[in-house]
Amino acid sequence: MPFWKNDKQAGRYERMNANENTSVLIEELDAKQGKLGLLTLNAEATLNSLTLEMVQALSNQLKRWEQDDAIAGVILKGAGSKAFCAGGDVQQLYQSAVEQPGGPCEYAEAFFLHEYQLDYQIHQYAKPVICLGHGIVMGGGLGLMAGAVFRVAAETTRIAMPEITIGLFPDVGGTWFLNKMPRALGQFFALTGAQINANDALYLNLATHVIAWEQQQSLIDELCACSFENTQKDDIATIEKVLGKHVIESSKLDQDLPSEIKPVLSSLEQASQSTSLGEMLKAFSQLADQSPWLEKAVETLQHGSPLSSLLIYEQLKRHRYSSLREVFLSEYQLATNVVRYPEFAEGVRALLIDKDKNPQWQFKHFSAVPASLLEQFFTPAWNENPLAALIQD
């Protein structure tokens, strides 16, 4: 399957073959019995931010390995020490949005389409996926990690969904995993873009294990010394046993990476259970003086897009009980409408293009958003959702 290369000089997207792509490294590692697939995001200079060609390369290889009986499981990691994946390459999405205001935004919509298909594919994958999420794991990076059976954080891991800062919303399945957070904390993390460490990632089930960053290669080597039976249950048990030898003990984790959530959990839980967006935003804002971590989270919320805050609140509320497939279909519908609206381009401009950090949001307060405009974001932009044909139950 061909994918797209952004030819900025020519102002067009050209088809390219998978073997031309070097931003995803593909390896097959021999184990004592069987093999493991290894996919490495190889765009260190951009913190392994995802492009359309990277997404399609990942998806295509996962499809091949799923049909290969020799492959027992897949390891997904990022190049360099700074990040597993900082999200999507939003500068390319910005170009697509400003070149085609009002849409269709060809590249951006193709990116979201294939990114969500990939994320859903990982969630549904027939073989165990081990995601090594060190360093920055944000936005699209968390979308990749969230679907893996083994979500392995490191002492360097910082996780967040900061889309409110660019006029977007936590997508890539965020509607699913944020709604499943304990103590109804999903709205807090979605609205504030709060960063969490590996200890709190365990508490929120965004991570299943925490290992030292320096142990990553040792973990891979030890997995390659295993015999895999090519049966999911047995292979998962084998991987679990190896991971258990490398995890940081909980007492050491609490000492070296103290939880930022647990000291303020009672206040967070109470604020997160507010029955309206207005009450919730007020309650969150009143938490700022309880810790420096909460102060930073509240600052992000207050500087973020008021329109995004409304879209985030509504998306999580409307799809509280939706299936995984329904969640991704709804996110693609909302993302399509968001990228066609000027708020997103303005948010990216202020943060990453001009870097003045002074976005001119469309509305000063979420209450100023007309109800008719709100419903437009939740109204399909086409007769049939293009993602429906790519993801199946």
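Look up a bit, the structure's there.
Parameters and conventions
Residues numbered from 1 in each chain as written. Predicted model: local features only at pLDDT ≥ 70, side-chain atom pairs only at ≥ 80, totals over all residues. Heavy atoms only, no water. Core = buried A, V, L, I, M, F, W, Y, C linked by side-chain atoms within 4.5 Å. Buried < 20%, exposed > 50% of the residue type's maximum accessible area, 1.4 Å probe, protein only. Helix = DSSP H or I, 4+ residues; strand = E, 2+ residues; numbered from the N terminus. Contact = heavy atoms within 4.5 Å. 1 Å grid on protein atoms, 1.4 Å probe; cavity = no way out; pocket = protein on both sides within 12 Å on 5 of 7 lines; lining within 4 Å. Points joined across faces, edges and corners; volume = space filled by probe spheres on them. Nonpolar A, V, L, I, M, F, W, Y, C, P; charged D, E, K, R; others polar. Pairing = 2+ DSSP bridges. Axes fitted to C-alpha atoms, helices over the stretch in contact; angles between N-to-C directions. Salt bridge = Lys/Arg side-chain N within 4 Å of Asp/Glu carboxyl O. Phe/Tyr/Trp six-rings, centres within 6.5 Å; stacked < 30°, edge-to-face > 60°.

Participant: Looking at this structure, I do not really get the nonpolar core. What am I missing?
Facilitator: Nonpolar side chains in soluble globular proteins tend to end up buried together. The biggest cluster of nonpolar side chains holds 111 residues, and the ones touching the most others in it are Phe189 and Trp293. Of the residues forming this core, the biggest block, 10 residues, is contributed by helix 3 (residues 106-123). With residues up to four places along the chain from it excluded, the contact list for Trp293 reads Phe188, Phe189, Ala194, Gln195, Ile196, Glu260, Ile261, Val264 and Leu268. Core analysis: the next-biggest nonpolar cluster, separate from the first, contains 20 residues, Leu36, Leu38, Ile220 and Phe228 among them.

Participant: Can you walk me through the layout of surface pockets in this structure?
Facilitator: Empty space left among the atoms is revealed by rolling a probe the size of a water molecule over them. In this structure, the largest pocket spans a volume of roughly 1200 Å³. Considering the residues around the largest pocket, the lining is formed by 44 residues, among which Met138, Pro162, Thr165, Leu351 and Leu352 are closest to the centre. Its residues assigned to classes, the lining of the largest pocket shows 21 nonpolar, 15 polar and eight charged.

Participant: Mind showing me how you'd approach the pairing of strand 4 (residues 35-41) here?
Facilitator: Here is the key point about a regular strand: its side chains alternate between the two faces of the sheet. Summarising burial for strand 4: six of the seven residues are buried, a large majority. Of the strand pairs in this sheet, strand 3 (residues 24-30) and strand 4 are connected by seven bridges, and their pairing is antiparallel. The partner of Glu28 across the bridge, within strand 4, is Gly37. Remark: four residues form the turn of the hairpin made by strand 3 and strand 4, two consecutive strands paired antiparallel; Gly34 in that turn has positive phi of roughly 85 degrees. When strand 4 meets strand 5 (residues 71-78), the two strands line up parallel, connected through seven bridges.

Participant: Help me out: how do you make sense of the sheet that holds strand 8 (residues 136-138) in this one?
Facilitator: Two pairing modes exist for strands in a sheet, parallel and antiparallel, and in both the strands are linked by backbone hydrogen bonds. Read across the sheet, three strands follow the order 6-8-10 without closing on themselves; strand pairing throughout is parallel. Edge strands, defined here as strands with exactly one partner in the open sheet, are strand 6 (83-85) and strand 10 (158-160). Going from strand to strand, the sheet's axes swing by 15 degrees on average, the running direction of each strand aside. Here strand 6 runs beside strand 8; their pairing, made up of two bridges, is parallel.

Participant: Quick question: what am I supposed to make of the pattern of salt bridges here?
Facilitator: Between side chains of opposite charge, a pair can form as their charged atoms come close. Per the stated rule, a full pass over the model turns up 12 salt bridges. The partner of Arg158 in a salt bridge is Glu260, and the shortest N-O contact between them spans 3.7 Å. Taken together, the positions of Arg158 in strand 10 and Glu260 in the loop between helix 10 (250-256) and helix 11 (265-272) put the pair 102 residues apart, joining distant regions of the chain. You can call Arg158 partly exposed: its relative accessible area is 25%. Here Arg183 ties to Glu269 by a salt bridge, and the two come within 3.2 Å at their closest N and O atoms. Note that Arg183 is positioned in the loop between helix 5 (174-179) and helix 6 (186-192) and Glu269 in helix 11, a separation of 86 residues in sequence. Take Arg183: its relative accessible area is 38%, and that puts it in the partly exposed class.

Participant: Got a minute to help me understand empty space enclosed by the protein in this structure?
Facilitator: Summed over the entire model, instances satisfying the criterion amount to five cavities of 30 Å³ or more. Estimated volume of the largest cavity: approximately 60 Å³. Together, Leu142, Ile159, Ala160, Met161, Leu178, Met181, Phe189, Ala194, Ile196 and Leu206 line the largest cavity. Each residue belonging to the lining of the largest cavity can be placed in one class, and the counts come to 10 nonpolar, no polar and no charged.

Participant: Can you walk me through the environment of Cys224 in this structure?
Facilitator: For Cys224, the location among the structural elements is in helix 8 (residues 216-224). Residue Cys224 is classed as buried on the basis of its relative accessible area, which comes to 18%. In the structure, Cys224 is positioned 14 residues away from Val210 in sequence and 20 Å away in space, judged by C-alpha atoms. Filtering out sequence-adjacent residues up to four positions away, Cys224 remains in contact with Leu29, Asp30, Ala31 and Lys32.

Participant: Help me out: how do you make sense of the packing of aromatic side chains in this one?
Facilitator: For any pair of aromatic rings, geometry is given as the distance between the ring centres together with the angle between the planes. Across all of its chains, the model carries 11 aromatic pairs by this definition. Here Tyr116 and Phe328 contribute two aromatic rings whose centre-to-centre distance is 6.2 Å and whose plane-to-plane angle is 50 degrees, an arrangement assigned as tilted. Of this pair, Tyr116 sits in helix 3 while Phe328 sits in helix 15 (residues 324-340); the two residues are 212 residues apart in sequence, bridging distant segments of the chain. The exposure class assigned to Tyr116 is buried, which follows from its relative accessible area of 0%.

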